[in-house]
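Results of the structural survey
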Amino acid sequence: MLRVVDKLPNPSLRVQRIIAAAVILTQGGIAVTGAIVRVTASGLGCPTWPQCFPGSFTPVAVAEVPRIHQAVEFGNRMITFAVVLTAALAVLAVTRARRRPEVLVYAWLMPASTVVQAIIGGITVRSGLLWWTVAIHLLASMTMVWLSVLLFVKVGEPDDGVVHERVVKPLRLHTVLSAMNLAAVLVTGTLVTAAGPHAGDKSPSRTVPRLKIEITDLVHAHSSLLVSYFALLVGLGFGLLAVNAAQPVRRRLGVLLVLVFAQAGVGTAQYYTGVPAVLVAIHVAGAAACTAATAALWASMRERTQPEPLES
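Residues numbered from 1 in each chain as written. Predicted model: local features only at pLDDT ≥ 70, side-chain atom pairs only at ≥ 80, totals over all residues. Heavy atoms only, no water.

Here's the deal with the packing of helix H8 (residues 247–272) against helix H9 (residues 277–300)
Where H8 contacts H9, the axes come no closer than 9 Å and their chain directions differ by 160 degrees. Judged on the interaxial angle alone, H9 and H8 are roughly antiparallel. Crossing handedness for the pair H8 and H9: left-handed. (Axes fitted to C-alpha atoms, helices over the stretch in contact; angles between N-to-C directions. Helix = DSSP H or I, 4+ residues; strand = E, 2+ residues; numbered from the N terminus. Parallel < 35°, antiparallel > 145°, perpendicular 65-115°, else oblique. Left-handed = near helix turned anticlockwise from the far one by under 90°.)

In structure tokens:
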């Protein structure tokens, strides 16, 4: 096997970037399919882990667990193979291409974090979908989305390049504050879900533990943090215009502002329509998109370019 790998051609930069983009899509995608599992009450469609049922890694026809719930949960587990495959390909590609250590570290974080996610997923199932384990599961997915975006950016930079700051330090610190605000938005979002109507399982023989906090209070905290996040981004925009920041930085901020505004619209619709299942899945997809866009904005504030040739 090692001899076969050694004979493979070194992947081009284009191939490396395609693989890195696939990593982003699979990491964000599994968060969305996980949300679908939750809102369809399929969280215990496979009641054991790592097997689906005792003695079987695939669904088994039993009266206690509807087939549709088994199919949804088992399908989500199958998405894990796509996550593992893209993570492994990323490591193989950058290793074969002999990329700089920084890129190798980000690539290796993908399979390492996937293992951590698998463990968290196992704990979630074995604990009967305890609300805080589900919350950690989603937050870990958002972290992986952030890291996969940084991997994509790092892959596209020259290994022998020189790092240049595109914006002044106060604006970079402003972006860090915005990212911290986003983290708070995500945390409170998981708490809203933990106290909300979608427990992940509706079996009459099991009661899924829920967060015993008034959901209205959590919604207000979550929405207030989202408004402050949007306000910080608007302030950052004025700062970037004042210093005439590079076009890529301003463009990424513009994309992020559109995503956050749309996410606020989805959240508002959820609140006034009784949290329909389809909007929950869309909201999780929006959270992944906002996380990815914030990571891209942060990464754009530094540029790694080829060093200027020495004059003779």
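Topic: helix H7 (residues 215–242)
Side chains that are three or four residues apart share a direction in an α-helix, a result of its 3.6 residues per turn. The end-to-end C-alpha distance of H7, which contains 28 residues, comes to 41 Å, matching closely the 40 Å that a straight helix rising 1.5 Å per residue would cover. For H7, the set of buried residues is Leu-218, Val-219, His-222, Leu-226, Tyr-229, Leu-232, Leu-233, Leu-236, Gly-237, Gly-239 and Leu-240. Lining the buried residues of H7 we find helix H6 (169–195), H8 and H9. (Expected span 1.5 Å × (residues − 1). Buried < 20%, exposed > 50% of the residue type's maximum accessible area, 1.4 Å probe, protein only. Contact = heavy atoms within 4.5 Å.)

Brief notes about the UniProt feature "transmembrane region" (unreviewed entry) in the protein chain
Per the UniProt annotation, the sites labelled "transmembrane region" (unreviewed entry) are residues 20–41, 74–94, 103–123, 129–153, 173–195, 226–246, 253–272 and 278–299. Helix and strand shares over residues 74–94 are 100% and 0% respectively, and the end C-alpha atoms of the span are 31 Å apart. Here residues 278–299 runs as 100% helix and 0% strand, with 32 Å between its end C-alpha atoms. (UniProt positions renumbered as here; feature names shortened; annotations may be inferred.)

Quick look at the pattern of salt bridges
Under the counting rule described, the total for this entry stands at nine salt bridges. A salt bridge links Glu-165 to Arg-172; the shortest N-O distance between them is 3.3 Å. Given a relative accessible area of 41%, Glu-165 falls into the partly exposed group. Looking at Arg-172, the relative accessible area reads 12%, which means it is buried. Salt bridges here are not isolated pairs; linked through shared partners, they connect Arg-99, Arg-100, Glu-102, Lys-154, Glu-157 and Asp-159. (Salt bridge = Lys/Arg side-chain N within 4 Å of Asp/Glu carboxyl O.)

Focus on the environment of Phe-74
Looking at where Phe-74 falls in the secondary structure, it is placed in helix H3 (residues 67–96). The buried category is assigned to Phe-74, whose relative accessible area is 19%. Measuring from C-alpha to C-alpha, the distance between Phe-74 and Asn-10 comes to 36 Å, with 64 residues separating the pair along the chain. Not counting the four nearest positions on each side in its chain, Phe-74 is found in contact with Cys-46, Phe-57, Thr-58 and Pro-59.

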